[in-house]
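Chain by chain, the residues:
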There are 4 protein chains.
Amino acid sequence: MSELTLAKANAIIEAAFAKGSEVKMKPLTVAVLDAGGHLKAFQKQDGASMLRYEIASGKAYGALAVGMGSRWLDQTAKERPHFMEGLNAVSGGKIVPVPGGVLIRDASGKLLGAVGITGDTSDNDELAAISGIEAAGLKHQAA
Amino acid sequence: MSELTLAKANAIIEAAFAKGSEVKMKPLTVAVLDAGGHLKAFQKQDGASMLRYEIASGKAYGALAVGMGSRWLDQTAKERPHFMEGLNAVSGGKIVPVPGGVLIRDASGKLLGAVGITGDTSDNDELAAISGIEAAGLKHQAA
Amino acid sequence: MSELTLAKANAIIEAAFAKGSEVKMKPLTVAVLDAGGHLKAFQKQDGASMLRYEIASGKAYGALAVGMGSRWLDQTAKERPHFMEGLNAVSGGKIVPVPGGVLIRDASGKLLGAVGITGDTSDNDELAAISGIEAAGLKHQAA
Amino acid sequence: MSELTLAKANAIIEAAFAKGSEVKMKPLTVAVLDAGGHLKAFQKQDGASMLRYEIASGKAYGALAVGMGSRWLDQTAKERPHFMEGLNAVSGGKIVPVPGGVLIRDASGKLLGAVGITGDTSDNDELAAISGIEAAGLKHQAA
C-alpha cells in the first residue's frame, strides 16, 4: 500500500467515531489529510462547534509540516514558543499545535498522511485518532 | 428538519458518487457545507487532483454567499465580471464561480447548506450534486 | 519508482538548462515540486529577474492543482477567465496559468510532481521542461 | 565578486549536505536566498518533511530582514518576543527565528545573501550552513 485511499480514510473516521462513542467523548470532528497536506476525507458530528474543520485540519497539517505527531508541537510550543510562532507564520497560519494530530504510516513506515481530531480533551482526541488508524490496519505516530 | 445532520451530508456524498459511477464521470470530490459556510462532510475519490477540496468548497461557498446556485455565479461572472471579482475579493478569495455548487433546502424551503462538486464537466458536477441532494430527500437550487 | 527523489529532480533541472543552452534561451528558472505541491529542488540562472521563483513554481503548482499541464490552464483562462480567477483565488494566489508547467509521471503513469520553468517564451519554457523530464527517464504531461 | 552566482549557491548546498552526511545529520533542506530575499537555489533531501522549504527560507529571510544571522533572532525572540512578533507580522509571516539562517558575505564584507537550513537540531543546521558557506570560499555571519 503506497498511498492513502478514500476507503482507508473513511475507515479511520468511522473507527475514531466508534472510539469516541465507546468512551462517551463529546461530538468529534475528524480530518484526514494525504501526505501532501491535502484533505482526503472529513466528517463533523452533530453538535460540534463552528471552527472545528480548521482545528482538526490544523492539527494534522502541523504534524505533516515537521514529520512528527502534534504532541511534539505541543511540547515544542511550550519550550520554544518563538519557533512555533514562526512555523505557524510561514505555514500561512495553518497549524494548531496541540495533541490530536497523528501521522499515518503503512507497515513499512512510509508516510501516507495524517489525521486530526478535535472535540474532546486533546488526550482523548489523540486516543480517537490512534484508534482510528489502528482499526484501518495502519501505523500511527503521535509524537 | 431544521439543520443539516451528518447523516444527511454523508447520504448526499454517497448518492453523488453513485451518480458519478453510473454515468462514468471522472473521480469526483464532494464538499458539503452547512448554512454558515462551514464544512460538514467531505470525500475525495482516488485519482482526483491536488486542489479539489478548494474547488469543491469554493463552489458551495459561492452559492451560499449570494443565496443562489453557483450556475448563477457563472452567468454573473460573464455579464458583470467586476462584480464577481469584488465578491471574491471580499470573501477572502473563497469562491469558484462555475456550476457544481448547489444549495440544499428542506421541504419548507429553509436553507440547510450547500454541496460543491468538482472532477468532471461543470454540468456533470452539478448533476451529481442534484442527484445527491434528491437522494437524501432534500430540495436543491442550482441557479 | 514511486516518488520524486532529489537525484531525479536535480537531473531534470540540469537537462532543462542544457536544452536552454543548446537553443540559446534566456536565463531560465526551474522549480520542481512533489505531488503534494511542495518544493523539492530549484535553481535560478544568473541574470534571471526578481520574481522568477514565484512564476516557475506558480506554473508547476497550477498544473498539480487540476492534474493537467499548465498549457491547459492557459487555454482555460482564455475560454473561462472567471474559472481561472476563482481557481487562483482558492489557491491563495499561487497559480500562473501559462505554458511551462509540466506534470511528471513515472512509467506506470503515476503522478510524481511537476516542473515549472520561466525565462524565455512560454513555448520554450515548456520545451525545456519536457526535455528535462525525458532526460531523467520520466514521462511528461504538458496539457 | 559582487553578487551570488548560481555556481556559488549550488556549491554552498553541496558542501552543506557533505557536512550533514559527515556528522550523520537527519535529511537536510537548504535554501539559498540572494541579498534581496529572493530564492536562488534550493534542495530538499529525501525523507525531509512537508514544510521544510518554508522553514529553511524562513530562517534565511529573517536573517536578511535584520542583517544578522538568525541566532540573533532566536535570542531576541526570548528577550523581546513582541519585537519578533511584530517583525514577523510586517514581513507577511515569512520568518522562522531560530538558528540555521546564516548571512553570506564576500571577502570585503559585502552582503551577498543568506542560507537557511533545517532538518536536524538548530545548532547542527547552523553548522551545516557555515560549512557550506566556507567551502564556497565566502564569509559567514551566524549571529
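In the annotation of an unreviewed UniProt entry, chain A is listed under the name Heme-binding protein and assigned to Aminobacter carboxidus.

Caption draft 1: View of the pairing of strand S4 (residues 111-118) of chain B. All names here are of chain B. The element S4 is extensively covered by neighbouring structure, given that 7 of its 8 residues are classed as buried. Strand direction decides the pairing type here: strand S1 (residues 29-34) and S4, joined by 6 bridges, are antiparallel. From the neighbouring strand, Thr29 faces S4, where its bridge partner is Thr118. Summarising the sheet, strand S3 (residues 101-105) and S4 pair through 5 bridges and their orientation is antiparallel. Bridge assignment links Ile104 to a residue of S4, and that residue is Gly113. Connecting S3 to the next strand, S4, in antiparallel fashion are 5 residues, including Gly109 with a positive phi near 95°.

Caption draft 2: Geometry of the relation of the copies chain B and chain C. Least-squares fitting of chain B to chain C yields an RMSD of 0.1 Å, with the superposition described by an axial translation of 0.2 Å and a rotation of 86°. As the rotation angle and translation indicate, the two copies are arranged about a four-fold axis. The fraction of interface residues of chain B whose copies in chain C are also interface residues is only 5%, indicating that the copies meet through different surfaces.

Caption draft 3: Highlighting the sheet that holds S4(B). Across the sheet, which stays open at both edges, the 10 strands sit in the order S5(A)-S3(A)-S4(A)-S1(A)-S2(A)-S2(B)-S1(B)-S4(B)-S3(B)-S5(B) with antiparallel pairing between neighbours. Only two strands of the sheet have a single neighbouring strand rather than two, namely strand S5 (139-141) of chain A together with strand S5 (139-141) of chain B. For this sheet, the mean angle separating the axes of adjacent strands, direction not counted, is 20°.

Caption draft 4: Spatial organisation of the relation of the copies chain A and chain B. Note on the copies: chain A fits chain B at an RMSD of 0.1 Å, the axial shift is 0.0 Å, and the rotation between them is 180°. Interpreted geometrically, this transformation is the action of a two-fold axis. Nearest to the rotation axis, the C-alpha of A:Phe42 is located 2.4 Å from it, this being the minimum over chain A. Of all interface residues in chain A, 100% are interface residues in chain B too; the two copies therefore contact each other through one and the same surface.

Caption draft 5: Representation of the packing of aromatic side chains in the model. This model, assessed by the stated rule, comprises 6 aromatic pairs over all chains. Both rings, one in A:Tyr53 and one in B:Tyr53, keep their centres 5.5 Å apart while their planes meet at 45°; by these two values the pair is tilted. Residue A:Tyr53 is found in helix H2 (residues 52-66), and its partner B:Tyr53 is found in helix H2 (residues 52-66); the two belong to separate chains. Accessibility assignment for this pair places A:Tyr53 and B:Tyr53 in one class, buried. Among the aromatic residues, ring-to-ring pairing joins A:Phe42, A:Tyr53, B:Phe42 and B:Tyr53 into one connected group.

Caption draft 6: Quick look at the interface of chain B and chain C. Each partner contributes residues to the interface: chain B has 19 residues there, and chain C has 17 residues. A combined buried area of about 1,300 Å² lies between chain B and chain C, and 68% of that area is made up of carbon and sulfur atoms. Considering only the surface of chain B that becomes buried against chain C, B:Met50, B:Leu51 and B:Ile55 emerge as the three largest contributors, covering 38% of it. Run the count over chain B and chain C and you get 0 salt bridges. At the boundary of chain B and chain C, one finds 8 residue pairs in polar contact (both at pLDDT 80 or more). Counting residues per element, the ones that place at least two in the side of chain B that touches chain C are H2, helix H3 (70-79) and helix H4 (81-90) of chain B. With 4 residues, the top contributor of residues to the side of chain B that touches chain C is H2(B). A per-class count over the side of chain B that touches chain C returns 8 nonpolar, 5 polar and 6 charged.

Thresholds, definitions, all that
Residues numbered from 1 in each chain as written. Chains lettered and ligands numbered in written order. Predicted model: local features only at pLDDT ≥ 70, side-chain atom pairs only at ≥ 80, totals over all residues. Heavy atoms only, no water. Buried < 20%, exposed > 50% of the residue type's maximum accessible area, 1.4 Å probe, protein only. Helix = DSSP H or I, 4+ residues; strand = E, 2+ residues; numbered from the N terminus. Pairing = 2+ DSSP bridges. Least-squares fit on C-alpha atoms with pLDDT ≥ 70 in both. Contact = heavy atoms within 4.5 Å. Axes fitted to C-alpha atoms, helices over the stretch in contact; angles between N-to-C directions. Phe/Tyr/Trp six-rings, centres within 6.5 Å; stacked < 30°, edge-to-face > 60°. Buried area = accessible area lost by both parts, 1.4 Å probe. Salt bridge = Lys/Arg side-chain N within 4 Å of Asp/Glu carboxyl O. Polar contact = N/O pair within 3.5 Å; in protein donor to acceptor, adjacent residues only side chain to side chain. Nonpolar A, V, L, I, M, F, W, Y, C, P; charged D, E, K, R; others polar.

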